[in-house]
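As a plain string of letters, each chain reads:
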Amino acid sequence: MIAIGRPYSQAEPGKDDLVAEILSCQAGEECSSDASWSLSSSEAVHAPSNLSKEQRAQAAAHWSHSGSMEHASVASFSRFSLDLMAMGAPADLVQGAHLAALDEIKHTQLSFSLASLFNGTTHFTPDKFIIPDAKVEIARDLSAMVARTLAEGCIGETLAAVRAFYGASSLENLDHQARQAEEPFASAVLSALSAIAVDEARHAALAWDTVKWAFSQEDGATRSAIISAIKKLAAQAHADDLEPAAHHASMPLSDATVDFLHSQAIQDLVLPALKSIVDKQKFEPRKSAHPAVFAASTAIFL
Ligand SMILES: [Fe+2]
Ligand SMILES: [Fe+2]
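Residues numbered from 1 in each chain as written. Chains lettered and ligands numbered in written order. Predicted model: local features only at pLDDT ≥ 70, side-chain atom pairs only at ≥ 80, totals over all residues.

Digging into helix 3 (residues 142-172)
Because each turn of an α-helix spans 3.6 residues, side chains separated by three or four positions end up pointing in the same direction. Threshold: Every helix listed is a DSSP run of H or I at least four residues long, and every strand listed is a run of E at least two residues long, numbered separately from the N terminus. In a helix, the anticipated span is given by 1.5 Å times the number of residues less one. Note that bend, as reported per residue, equals the angle between axes fitted to the 7 residues terminating at that residue and the 7 residues originating from it. Think of it as a crowd count around each C-beta: if 20 or more other C-beta atoms lie within 10 Å the residue is buried, if 12 or fewer it is exposed, and in between it is partly exposed, with C-beta placed from the backbone throughout.
Compared with the 45 Å implied by 1.5 Å per residue over 31 residues, the 42 Å span of helix 3 between its first and last C-alpha is a close match. Along helix 3, the sharpest change in direction is near 40 degrees and occurs at Leu-150. Of all 31 residues in helix 3, 25 are buried; the element is thus mostly enclosed.

Details of the nonpolar core
Generally speaking, nonpolar side chains in soluble globular proteins are found buried as a group. The following threshold applies: Only buried residues count toward a nonpolar core: Ala, Val, Leu, Ile, Met, Phe, Trp, Tyr and Cys, linked into one set through C-beta atoms within 7 Å. Residue pairs qualify as contacts under a 7 Å threshold applied to their C-beta atoms, which are placed from the backbone.
Counting 77 residues, the largest nonpolar core has Leu-114, Ala-161, Val-162, Phe-165, Val-189, Val-211 and Ala-296 as the members making the most contacts within it. At the level of elements, helix 1 (53-86), helix 2 (91-119), helix 3, helix 5 (185-217), helix 6 (219-234), helix 7 (255-278) and helix 8 (291-301) are the ones that each hand at least two residues to this core. Ignoring any residue separated from it by four or fewer positions in sequence, one finds Ala-161 in contact with Ala-197, Glu-200, Ala-201, Ala-204, Ala-296, Ala-299 and Ile-300. Grouped together as the second largest cluster of nonpolar side chains are five residues, Tyr-8, Val-19, Met-69 and Ala-72 included.

Digging into the environment of Ala-195
Within the element layout of this structure, Ala-195 appears in helix 5. Taking the C-alpha atoms as reference points, Ala-195 and Ala-164, 31 residues apart in sequence, are found 8.9 Å from one another.

Structure follows, in structure tokens:
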């Protein structure tokens, strides 16, 4: 399942990204879990909507999973701030990492709130975030930090921003009648995605600025990390047979739509932006790109 947020990846190849377990409790139950990670609401228990029970369950599962990923992003940015400090990065990048961690707390709360809203009777919250052996793996050198920043930030958060811009614009473009049919979910999802899109674009910009700074410090190591990322991504672009699938605008994006958006974003945003760093050129957003890709491009780079 695709989630919106920066993962807490592990250095050892093949190891899954870290996430906390999700705790849940039913409305009216004595609940031991901490409700502060959600701006919970039970208003949707009897909410009229054209979404079926199954669709609401699917959306609740998506948003509770997203909530756990956003929760991991808080820890990921804390670790990123240590990486930056260890590499002697300038204050504005370290400040950006701390501010982004605060955004991710808000994204976690928004996501778990949406999960509760769609479910209607269950409240979700993350369990403890357990780090194996209580050891935080700081990047060993600049090229290791660049590789992680490229994967988690320049690629991960750029694609997250594109998905959020696409989802928000699908809801904004609904006509009044279609929008009413999907309430109260449409308004809640639009409000969350609008905030998340802008924040993820800012987080992606922080990652791109970090790689540019690293390039100015040690261009050989950074160049090889970028070239390696370009080679891996080139296979994912130009998938011209992909198309977005129709869906209720307040529902999570389908896998087909996500694949389509990622392909478009890699082709018209991530790859040219990576090449522009190596060529020491300014990346110019492409007006010919898909509107969600262009929206993310301008939010990140202008
Ligand atoms: Fe983020
Ligand atoms: Fe996030």
